[in-house]
Amino acid sequence: MTELRATLRLQFHSGFRFADAAALVPYFVQLGVSHIYASPVLKARPGSTYGYDMVDPTCINRELGGEEELRNLADVLHREYIGLIVDFVPNHMAVGGASNPWWLSVLEWGKLSPYSSYFDINWNSPDPLLNGQLLVPFLRTDYGEVLASGELPLLFSADTGQFYVQHFDHRFPISPPTYAEILAHCQHYELNALGQRFKSLPHADNPLTQTETLQQELCALAQEKYAAIALDSAIKNFTVNKETGSNEHQVNQLHQLLERQPYRLASWRTASDDINWRRFFDINELAAVRTEHAEVFNAIHTKIFNLIEDGVIDGLRIDHIDGLANPRAYCRKLRRCTNQIKTRPDQFAIYVEKILADGEQLPNDWQVDGTTGYEFMNQVSLLQHDPLGALQLQGLWQELSNRSANFNDETFAARRLILSNSLAGDLESLAQQLLQIARTDIATRDLTLGAIRRALIELIVHFPVYRTYSNAGARTAQEQAVFTRALAGARANLQESDWPLLEQLDDWLGNKPIRQFPPGKIRRLRRATLAHFQQLTSPTAAKAVEDTACYRSAVLLSRNDVGFDPAKFSATPTQFHQFASQLAKTFPDNLLATATHDHKRGEDTRARLAVISERAVWFANKVKEWRTLAQPWRSELEDGPAPSPGDELALYQTLLGSWPLDLDPEDRDGMSRYLDRLSGWQEKAIREAKLRTHWVSPNTVYEAACRNLLQNLLINPEARRWRADIFQAAMSIAPAGALNSLSQTLLRLTCPGVPDLYQGCDLWDFSLVDPDNRRPVDYAPRQAAMESDVSPENLIRQWRNGYIKQYLISKTLGLRTITAELFSRGEYRPLETIGPHAEKLLAFTRQYQNLWVIVIVPRLVANLLGNSELPQVEPLLWGDTRLMLPWELANHEPISLFSNRRHQIRGNQLALSDLLADFPVNLLYLSLSPEVHHASQ
């Protein structure tokens with residue numbers, strides 16, 4: 001199998017199947033990728049558009065083409081020396097509906113189900129109404145209302161012999177031992193007798209096996225005329241008439257039957273407070289699975305391991321690694337298992353989706369190849385933001401929104417909101433566990449639940465990373481620093497009388513290693529509590545930062561994305577070099593991403609928005625003009641203007657960043673399509689912010705007012721002047737944005753690591769948050785562009801079609817193909833620039849043996865571009881700016897990859913006016929003779 005050089009992420013769904021990807025393999029070859037990186041392929045919820053809602057890990061999703069098409073895709077790829085990496089979800093499964101057999105078994109049998117331990121369920125909830133039951137919060141509203149309105153019909157499947165209750169697409173099986181309560185109403189001796197046999201199932205040696213036999217008998221009986229009539233009549237005793245309402249008898253009969261199930265039906269709103277099983281974040285339809293148990297690990301990995309053994313899969317991307325109880329143990333076990341598969345590729349890649357906080361390092365003992373690359377995306381973004389624009393933009397935000405420009409303030413507030421709402425039940429469960437620990441020691445037995453809860457909230461609010469990873473052993477130095485910082489923040493917000501409790505929490509949560517305790521109940525409780533804590537800080541961070549604060553703050557939206565730290569506005573080339581050098585030492589095969597299926601704005605949207613940091617005064621003035629022009633379509637509601645000034649500012653930024661290069665504001669059809677995309681973004685943005693509206697209880701009046709403004713601005717003929725002005729503004733920063741895009745693309749392709757290309761990003765990508773970023777890709781123009789023979793000069797002149805970006809990608813990946821070790825293991829060496837515009841450049845070399853490349857990209861050059869309509873700085877404007885090269889390269893003539901022109905190194909210097917004369921960015925390559933190379937050492 002080919003060496004891992006570059007990946008291409010593809011999103012599979014019913015509209016883009018494995019066979020569709022197989023037909024595009026010739027194009028992928030031309031592009032130069034070494035591996036396709038596929039979204040999840042296991043069976044997902046029917047109609048899934050992304051695959052992370054897996055319902056059956058034992059088979060491949062038929063909607064994507066099934067196993068046969070997947071194997072064929074792998075064969076087609078492998079014939080062209082392209083590997084297949086698959087996204088895998090070990091943390092959770094989709095529940096609800098009627099598609100997950102494991103979940104349905106738990107509903108049917110409760111703790112007796114062979115799958116009851118697969119899900120992270122607390123069967124001993126302190127809630128007396130949940131005694132040994134599972135809360136099932138899938139009802140559209142309160143249980144009593146749903147029951148009385150006849151929305152829980154009792155049904156019988158003549159094919160399987162099962163009784164169940166239906167609510168929309170949710171299926172709630174009736175536990176077989178309680179079939180007796182239904183069959184007792186039958187005026188039929190054999191059905192009555194069969195009911196008694198169902199009733200005795202809990203006392204059987206193998207109740208599940210015997211149930212299948214009894215259900216087959218019930219199926220057979222139901223085929224008989226009189227038995228069928230009797231069965232139908234019995235069911236009517238539990239049937240509430242939707243049209244005429246119910247009488248008390250039917251409601252009571254159905255209620256009593258449901259009360260004796262292993263689950264308790266409830267409104268979806270109850271989940272945040274009463275949930276007694278762990279979810280993926282706060283999503284009721286995604287239940288966490290206990291992959292830390294060997295039986296569960298084996299069950300969910302068997303199909304994947306079979307595909308690896310058969311040579312179908314060449315690598316794995318592990319989704320949401322922080323959701324697992326022990327990520328380190330999981331990753332090491334996964335590596336051991338794959339190493340035992342003799343037919344696997346020599347380089348079997350394992351990547352983990354992990355968001356690293358500022359200064360945080362991925363543990364080096366997990367035996368993985370790295371992360372999926374969010375941190376690289378963040379570093380490139382920081383590099384392209386001008387620190388001089390920060391104060392102006394922060395001031396504009398505070399003036400208009402009347403909210404803090406300090407992103408940390410938004411984060412702390414959002415964390416408190418999440419812990420008191422959507423994750424309140426998880427927090428309460430953890431507090432109860434800590435109370436149990438307190439009760440085991442006479443020194444802490446008087447600590448109250450309220451005090452523990454207060455201290456716990458403050459600790460999590462101030463937790464600076466997603467989670468820590470200590471298990472039974474001592475914390476690492478990095479983890480101890482995290483707790484020290486969190487404890488300091490918590491103390492500042494708690495009364496002094498609660499400070500000793502913080503120290504106690506610190507001990508319980510890992511400062512005192514668990515292995516110091518003797519084996520037994522207390523040790524097990526402490527281990528479970530620590531895991532629970534670590535599995536709570538992660539979703540708290542995700543929901544608070546990514547899904548709340550990033551939508552509340554809009555100082556500059558290009559700094560608000562998954563894996564970013566919006567509290568930091570910019571970084572220097574020196575800081576970027578430090579990051580890249582560290583990556584080369586620790587995880588040289590780490591993925592390098594600038595776009596993902598989870599990004600909030602496409603890579604080229606962000607690159608254009610970053611230009612605002614260089615033109616902050618101009619932007620502030622334009623915003624005031626646009627707000628004045630938009631006044632006729634703004635609404636005044638009881639709770640304030642609609643949209644709020646903050647939401648309106650976010651809208652203007654979104655328009656500036658995402659306005660398509662080929663969209664004329666007078667094109668009504670094009671504007672209508674753009675409006676549809678923006679409407680989806682707007683609804684999600686204002687609901688995620690949770691300020692004036694939210695998903696749980698939408699403020700339809702506010703949302704309508706926001707939508708009205710957007711529609712008028714984009715469609716209303718009376719807003720023509722406004723549209724023309726914002727269009728001109730977007731196009732005025734578009735060349736600088738395109739140059740930023742080319743720079744970040746070349747950095748992704750040449751820095752230490754493995755470049756990851758997200759689908760559709762081979763041309764310009766001005767997408768917004770999902771589902772906009774998962775729209776189908778039109779490959780026809782991409783294939784046509786690849787076949788076109790256009791000179792670099794024409795590519796620059798026609799840059800709006802995106803061919804220049806594809807050209808850069810295919811040329812650079814082509815070089816990586818023939819010099820693989822240069823990029824995979826070559827030394828990374830920062831280069832110095834001198835002269836009047838030295839700070840507007842980033843440059844480095846990669847060197848392996850006698851092979852060298854020199855990479856040079858501009859940054860913060862909006863002012864140099866001025867009013868130019870091209871994304872290239874006029875060569876003479878660089879003046880006497882020069883690049884300083886290692887003396888080993890003195891007087892050599894490296895060749896430009898993009899122009900194929902030789903550049904004479906004079907002494908150890910290259911003039912930028914020459915280096916960037918032919919193409920907006922540059923990559924030079926050369927090969928020193930072995931004699932010259934050794935002599936230079």
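Keep in mind the model is a prediction, meaning the values are calculated, not measured.

Peer 1: Whenever I open this one, the overall build of the protein confuses me. Can you help?
Peer 2: Counting its secondary structure elements, the protein contains 35 helices and 28 strands. Its C-alpha radius of gyration of 30 Å places the protein within 12% of the 30 Å reference for a compact globule of 937 residues. With the C-alpha coordinates of the protein rotated into their principal frame, the extents come out at 100 × 70 × 65 Å. Here the protein holds 937 residues, and 61% of them are scored as buried. Here the analysis covers contacts within the protein between residues at least 6 apart in sequence; of these, 74% occur between residues at least 24 apart. On the protein, roughly 36,100 Å² of surface is accessible, and the fraction owed to carbon and sulfur atoms is 49%. Taking the average location of the 93 positive side-chain charges in the protein and that of its 109 negative ones, the two points are 3 Å from each other.

Peer 1: I'm lost on the pattern of salt bridges in this one. Help?
Peer 2: Here the idea is simple: oppositely charged side chains can pair when their charged atoms come close. Scanning all chains against the criterion turns up 58 salt bridges. Note that Arg-606 and Asp-561 form a salt bridge whose closest N and O atoms lie 3.7 Å from each other. Residue Arg-606 is located in helix α23 (residues 603-610), and its partner Asp-561 is located in the loop between α21 (521-552) and α22 (573-586); the two are separated by 45 residues in the primary sequence. Judged by its relative accessible area of 4%, Arg-606 falls in the buried class. Residue classification places Asp-561 among the buried positions, given a relative accessible area of 1%. With a shortest N-O distance of 2.9 Å, Lys-684 and Asp-770 are connected by a salt bridge. One end of the pair, Lys-684, is in helix α26 (residues 668-689); the other, Asp-770, is in the loop between β20 (754-758) and α29 (780-787), with 86 residues separating them in the sequence. Within the structure, one salt-bridge network assembled from shared partners comprises Arg-9, Asp-87, Arg-317, Asp-319 and Glu-353.

Peer 1: Help me understand the side chain of Asp-756 in this model?
Peer 2: Turning to its location among the elements, Asp-756 is positioned in strand β20. Buried and unpaired, Asp-756 has no salt bridge, with Arg-9 as the nearest side chain of opposite charge at 6.9 Å. Among all residues touching Asp-756, those that are not within four sequence positions of it are Thr-7, Leu-8, Arg-9, Tyr-37, Leu-591, Leu-592, Ala-593, Ala-595 and Arg-748.

Peer 1: Whenever I open this one, the pairing of β20 confuses me. Can you help?
Peer 2: On a regular strand, each side chain points to the face opposite its neighbour's, so the side chains alternate between the two faces of the sheet. The buried count for β20 comes to 5 of 5 residues, which makes it a mostly enclosed element. With 3 bridges connecting them, strand β1 (residues 7-10) and β20 associate as parallel partners. Bridging across to β20, Leu-8 finds its partner in Leu-757.

Peer 1: Help me understand the packing of helix α28 (residues 720-750) against helix α31 (residues 803-818), please; the structure alone is not making it clear to me.
Peer 2: A pair of packed helices can be characterised by two numbers: the angle between their axes and the separation between those axes. Where α28 meets α31, the closest approach of the two axes is 10 Å, and the angle between their N-to-C directions is 15 degrees. For the element pair α28 / α31, the angle class is roughly parallel. Handedness of the crossing formed by α28 with α31: right-handed. Facing α28, whose interface residues are Leu-742, Thr-745, Leu-746, Arg-748, Leu-749 and Thr-750, α31 presents Ile-804, Lys-805, Leu-808, Ile-809, Thr-812, Leu-813 and Arg-816. Each residue belonging to the contact of α28 with α31 can be placed in one class, and the counts come to 7 nonpolar, 3 polar and 3 charged.

Peer 1: What am I meant to see in the sheet that holds strand β9 (residues 162-167) here?
Peer 2: Either a parallel or an antiparallel arrangement is found when strands of a sheet pair, and the pairing is made through backbone hydrogen bonds. Pairing within the open sheet is antiparallel, and its 3 strands lie in the order β8-β9-β10. Only two strands of the sheet have a single neighbouring strand rather than two, namely β8 (154-157) and β10 (170-173). Averaged over all adjacent pairs, the angle separating strand axes in this sheet is 40 degrees, with direction ignored. In this structure, β8 lies alongside β9, joined through 4 bridges in antiparallel fashion.

Peer 1: Please clarify how the sheet that holds strand β22 (residues 832-834) should be interpreted in this entry.
Peer 2: With respect to topology, 3 strands assemble into an open sheet ordered β22-β25-β27, the strand pairing being antiparallel. Sheet topology places β22 and β27 (909-911) at the edges, where each strand pairs with a single neighbour. Each strand of the sheet is rotated relative to its neighbour by a mean of 25 degrees, with strand direction disregarded. As paired elements, strand β25 (residues 882-884) and β27 share 3 bridges and run antiparallel to each other. Along β27, the bridge assignment pairs Met-884 with Gln-909.

Peer 1: Would you explain the environment of Leu-877 in this entry?
Peer 2: With respect to the helices, strands and loops of the structure, Leu-877 is situated in the loop between α33 (862-865) and β25. A sequence separation of 12 residues divides Leu-877 from Leu-865, and the C-alpha atoms of the two residues are 9.0 Å apart. The residues contacting Leu-877, other than those within four sequence positions of it, are His-837 and Leu-864.

Peer 1: I would appreciate a short explanation of unusual backbone geometry in the present structure.
Peer 2: With glycine set apart, most residues show a phi of negative sign, and most peptide bonds adopt trans. Omega for the peptide link from Ala-642 to Pro-643 comes to 0 degrees, which places this bond in the cis form. Tracing the sequence through the fold places Pro-643 in the loop between β19 (640-642) and α25 (645-658). In this model, Asp-770 is joined to Pro-771 through a cis peptide bond whose omega is 10 degrees. Along the chain, Pro-771 falls in the loop between β20 and α29. The phi dihedral of Gln-367 falls on the positive side, at around 65 degrees, and the residue is not glycine. Residue placement: Gln-367 occurs in the loop between β15 (349-352) and β16 (370-371). A relative accessible area of 34% places Gln-367 in the partly exposed class.

Peer 1: Would you explain the environment of Leu-822 in this entry?
Peer 2: By secondary structure assignment, the location of Leu-822 is in helix α32 (residues 820-825). Between the C-alpha atom of Leu-822 and that of Arg-290, which follows or precedes it by 532 residues, the distance is 42 Å. Dropping the residues within four chain positions of it, Leu-822 is found in contact with Arg-846, Gln-847, Tyr-848, Leu-851, Trp-852 and Val-853.

Peer 1: Mind showing me how you'd approach the packing of aromatic side chains here?
Peer 2: Aromatic ring pairs are defined here through the distance separating the ring centres and the angle between the ring planes. Within this structure, the stated rule accounts for 35 aromatic pairs. Aromatic pair Tyr-807 and Phe-898: ring centres 6.5 Å apart, planes at 50 degrees, arrangement tilted. Of the two residues, Tyr-807 sits in helix α31 while Phe-898 sits in the loop between β26 (895-896) and β27, which places them 91 residues apart along the sequence. Accessibility classification places Tyr-807 together with Phe-898 in one group, the buried group. The rings of Phe-12, Phe-16, Phe-18, Tyr-27, Phe-28 and Tyr-779 are connected pair by pair, giving a single aromatic cluster. Taking NZ or CZ as reference, Arg-475 lies 3.5 Å from the ring centre of Phe-483, over its face.

Peer 1: Would you explain the nonpolar core in this entry?
Peer 2: In globular proteins that are soluble, nonpolar side chains generally tend to be buried together. Membership of the largest hydrophobic core comes to 236 residues, with the highest contact counts inside it found for Phe-28, Phe-119, Leu-152 and Phe-163. The dominant element in this core, judged by the number of residues it contributes, is α28, at 15 residues. The residues touching Phe-119, leaving out its near neighbours within four places in the chain, are Met-93, Val-95, Trp-102, Trp-103, Val-106, Ala-287, Ala-288, Val-289 and Arg-290. With 42 residues, the next largest nonpolar core counts Ile-452, Val-482, Leu-525 and Leu-530 among its residues.

Peer 1: Sorry, what's going on with helix α10 (residues 248-259) here?
Peer 2: Since the α-helix turns once every 3.6 residues, residues separated by three or four places project in the same direction. A rise of 1.5 Å per residue sets the reference length of α10, with its 12 residues, at 16 Å; its end C-alpha atoms lie 16 Å apart and thus fit the reference within 8%. Taken as a whole, α10 has its buried residues at Gln-250, Val-251, Leu-254, Leu-257 and Leu-258. Taken around the axis of α10, the buried residues stretch over an arc of 135 degrees, which confines them to a single face.

Peer 1: Just checking my understanding: could you explain the pairing of strand β4 (residues 54-60) for this structure?
Peer 2: Burial analysis of β4 places 5 of its 7 residues in the buried class, the great majority of the element. With 3 bridges connecting them, strand β3 (residues 42-44) and β4 associate as antiparallel partners. Looking at β4, one finds that Lys-43 is bridged to Asp-56.

Peer 1: Looking at this structure, how should I read the confidence of the model for the protein?
Peer 2: It should be kept in mind that the predicted coordinates are not to be read in detail where pLDDT is low. Residues at a pLDDT of 70 or more form 99% of the protein, whose mean pLDDT is 95. Note on residues 931-937: pLDDT is under 50 here. Beyond four places in sequence and across chains, it has 6 contacts.

Peer 1: How should the side chain of Arg-552 be read in this particular structure?
Peer 2: By the secondary structure assignment, Arg-552 is in helix α21. One buried charged residue, Arg-552, remains without a salt bridge, the closest side chain of opposite sign being Glu-410 at 4.4 Å. Within polar-contact distance, the side chain of Arg-552 engages the backbone oxygen of Lys-690 at 3.4 Å.

Peer 1: Any chance you could explain the packing of helix α18 (residues 449-461) against α21 here in plain terms?
Peer 2: At a closest axis distance of 10 Å, the pairing of α18 and α21 adopts a crossing angle of 55 degrees. In terms of orientation, α18 and α21 fall into the oblique class. The two elements α18 and α21 meet at a crossing, and its hand is right-handed. Contacts between α18 and α21 involve Leu-456, Leu-459 and Ile-460 from the former and Phe-533, Leu-536, Thr-537 and Thr-540 from the latter. Classifying every residue of the contact of α18 with α21 gives 5 nonpolar, 2 polar and no charged.

Basis of the calculations
- Residues numbered from 1 in each chain as written.
- Predicted model: local features only at pLDDT ≥ 70, side-chain atom pairs only at ≥ 80, totals over all residues.
- Heavy atoms only, no water.
- Helix = DSSP H or I, 4+ residues; strand = E, 2+ residues; numbered from the N terminus.
- Rg over C-alpha atoms; globule rule 2.2 N^0.38 Å.
- Buried < 20%, exposed > 50% of the residue type's maximum accessible area, 1.4 Å probe, protein only.
- Contact = heavy atoms within 4.5 Å.
- Areas by Shrake-Rupley, 256 points an atom, 1.4 Å probe, with all protein chains shown as cover.
- Lys, Arg positive; Asp, Glu negative; His and termini not counted.
- Charge placed at Lys NZ, Arg CZ, Asp CG, Glu CD.
- Salt bridge = Lys/Arg side-chain N within 4 Å of Asp/Glu carboxyl O.
- Pairing = 2+ DSSP bridges.
- Axes fitted to C-alpha atoms, helices over the stretch in contact; angles between N-to-C directions.
- Parallel < 35°, antiparallel > 145°, perpendicular 65-115°, else oblique.
- Left-handed = near helix turned anticlockwise from the far one by under 90°.
- Nonpolar A, V, L, I, M, F, W, Y, C, P; charged D, E, K, R; others polar.
- Phe/Tyr/Trp six-rings, centres within 6.5 Å; stacked < 30°, edge-to-face > 60°.
- Lys NZ or Arg CZ within 6 Å of the ring centre and 35° of its normal.
- Core = buried A, V, L, I, M, F, W, Y, C linked by side-chain atoms within 4.5 Å.
- Expected span 1.5 Å × (residues − 1).
- Arc of directions from axis to C-beta.
- pLDDT = per-residue confidence, 0-100.
- Polar contact = N/O pair within 3.5 Å; in protein donor to acceptor, adjacent residues only side chain to side chain.

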